[in-house]
Amino acid sequence: MISQRTPPLIEYKRASVAKHVVASEESDENRLVLTLHYNGMITECNKAGGKLLGCLPSELIWQHISRLLPQLKNVSLMEGSNLNPYLHFLSRVGYKFEVISLRGARLIAKVFFCEIGDMEHRFLRIIICPLSQERMAS
């Protein structure tokens, strides 16, 4: 018989992701926090993110993430049922992404990718942390 209990490693990952997400939403209003469907479509955006990009959060819903992060245009976000290891690597080494708002404003940011949900309902959480001293002219 298969146990209904969630394996400890999965519980640990869920707890650490939840802790990271809550900390990011509470600690800094200059972070853009997005939830993406596995296909790259934005399903949620925090208020601070909308303000940062000069738009309403609702304007970002159902936009593809490559609209904000053009470097992801031809990149698969998922490999099978897991985050693309290359994106995981880029977020861990502090790679600087160019972010383009819906209005065309450009800035440089560090981007962090993490998986949330379970096998049936997999989503990606993306946290974009602008580097204020590296704003680009639009």
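Data block above holds the structure.
This one's a predicted model, so the numbers in the text were calculated from it and none came from an experiment.

Novice: Looking at this model, I keep getting lost on unusual backbone geometry. Mind explaining?
Specialist: In most cases, non-glycine residues show a negative phi, while peptide bonds are predominantly trans. Backbone geometry places Trp 62, a non-glycine residue, at a positive phi of 70 degrees. Inspection of the secondary structure puts Trp 62 in the loop between α3 (57-60) and β3 (78-79).

Novice: What is the right way to read a nonpolar patch on the surface from this model?
Specialist: Among the surface-exposed residues, Tyr 86, Phe 89, Val 93 and Tyr 95 lie close enough to one another that they form a single nonpolar patch of about 420 Å² accessible area. When you line up the elements, Phe 89 lands in helix α4 (residues 85-93). Take Phe 89: its relative accessible area is 47%, and that puts it in the partly exposed class.

Novice: Help me out: how do you make sense of the side chain of Arg 125 in this one?
Specialist: Its location among the elements puts Arg 125 in strand β7 (residues 122-130). Given the relative accessible area of 10%, Arg 125 is considered buried. A distance of 3.0 Å separates polar atoms of two side chains, one belonging to Arg 125 and the other to Thr 35.

Novice: What should I look at first to understand the pairing of strand β5 (residues 96-100) in this one?
Specialist: Sheet faces and side chains relate simply in a regular strand, where the side chains alternate between the two faces. For β5, the tally of buried residues reaches four of five residues, placing the bulk of the element in the interior. Note: β5 against strand β6 (residues 106-117), five bridges, orientation antiparallel. For Glu 98, the partnering residue across the bridge sits in β6 and is Ile 108. Taking the residues that link successive antiparallel strands as the turn, the β5-β6 hairpin has five residues, and the phi of Gly 104 there is positive, at about 95 degrees.

Novice: Explain the pattern of salt bridges here, please?
Specialist: Pairing between side chains of opposite charge can happen when their charged atoms approach one another. Applying the stated criterion across every chain yields a total of two salt bridges. One salt bridge connects Glu 59 with Arg 103, and the closest N-O pair in it is separated by 3.1 Å. Separated by 44 residues along the polypeptide, Glu 59 in helix α3 and Arg 103 in the loop between β5 and β6 bring together distant segments of the chain. By relative accessible area, which is 29% here, Glu 59 ends up partly exposed.

Novice: Sorry, what's going on with the nonpolar core here?
Specialist: Counting residues in each nonpolar core, the largest one holds 28 residues, and the members touching the most others are Leu 34, Leu 60, Ile 65 and Ile 128. Counting only elements with at least two residues in this core, the list comes to β1 (32-37), β2 (42-45), α2 (47-53), α4, β5, β6 and β7. Counting residues per element, this core draws most heavily on β6, at four residues.

Reading the values: rules and limits
- Residues numbered from 1 in each chain as written.
- Predicted model: local features only at pLDDT ≥ 70, side-chain atom pairs only at ≥ 80, totals over all residues.
- Heavy atoms only, no water.
- Helix = DSSP H or I, 4+ residues; strand = E, 2+ residues; numbered from the N terminus.
- Patch = residues over 30% accessible without salt bridge, like charges linked within 9 Å, V, L, I, M, F, W, Y side chains within 5 Å.
- Areas by Shrake-Rupley, 256 points an atom, 1.4 Å probe, with all protein chains shown as cover.
- Salt bridge = Lys/Arg side-chain N within 4 Å of Asp/Glu carboxyl O.
- Buried < 20%, exposed > 50% of the residue type's maximum accessible area, 1.4 Å probe, protein only.
- Polar contact = N/O pair within 3.5 Å; in protein donor to acceptor, adjacent residues only side chain to side chain.
- Pairing = 2+ DSSP bridges.
- Core = buried A, V, L, I, M, F, W, Y, C linked by side-chain atoms within 4.5 Å.

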